[in-house]
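The lines below spell out each chain.
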Amino acid sequence: MEIYLSENIRKRRRESNLSQEVFAERLGVSFQTISKWERGVSLS
């Protein structure tokens, strides 16, 4: 079974009980970037 990066990001964020906004702030990116990563739209 393959786990895709987008699924892994979403899973880890939710396990940490973080919103996309807080998660993004901690990573130094925008929440829109987190959303795109989680949807598999963009990986950069």
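Bear in mind the structure is a predicted one, so any value in this text is a computation, not a measurement. (Residues numbered from 1 in each chain as written. Predicted model: local features only at pLDDT ≥ 70, side-chain atom pairs only at ≥ 80, totals over all residues. Heavy atoms only, no water.)

I'd like a rundown of helix α3 (residues 31-39), residues and numbers included.
Listing the buried residues of α3 in full gives Thr 33, Ile 34, Ser 35, Trp 37 and Glu 38. Of the surrounding secondary structure, the elements contacted by the buried residues of α3 are α1 (5-15) and α2 (20-27). (Buried < 20%, exposed > 50% of the residue type's maximum accessible area, 1.4 Å probe, protein only. Helix = DSSP H or I, 4+ residues; strand = E, 2+ residues; numbered from the N terminus. Contact = heavy atoms within 4.5 Å.)

Could you give me a rundown of the pattern of salt bridges, with the residues and numbers involved?
Applying the stated criterion to the full structure yields two salt bridges. A salt bridge links Glu 15 to Arg 12; the nearest nitrogen and oxygen atoms lie 3.2 Å apart. Placement of the pair is Glu 15 and Arg 12 together in helix α1, with a separation of three residues, close to one helical turn. The exposure class of Arg 12 is partly exposed, given its relative accessible area of 43%. (Salt bridge = Lys/Arg side-chain N within 4 Å of Asp/Glu carboxyl O.)

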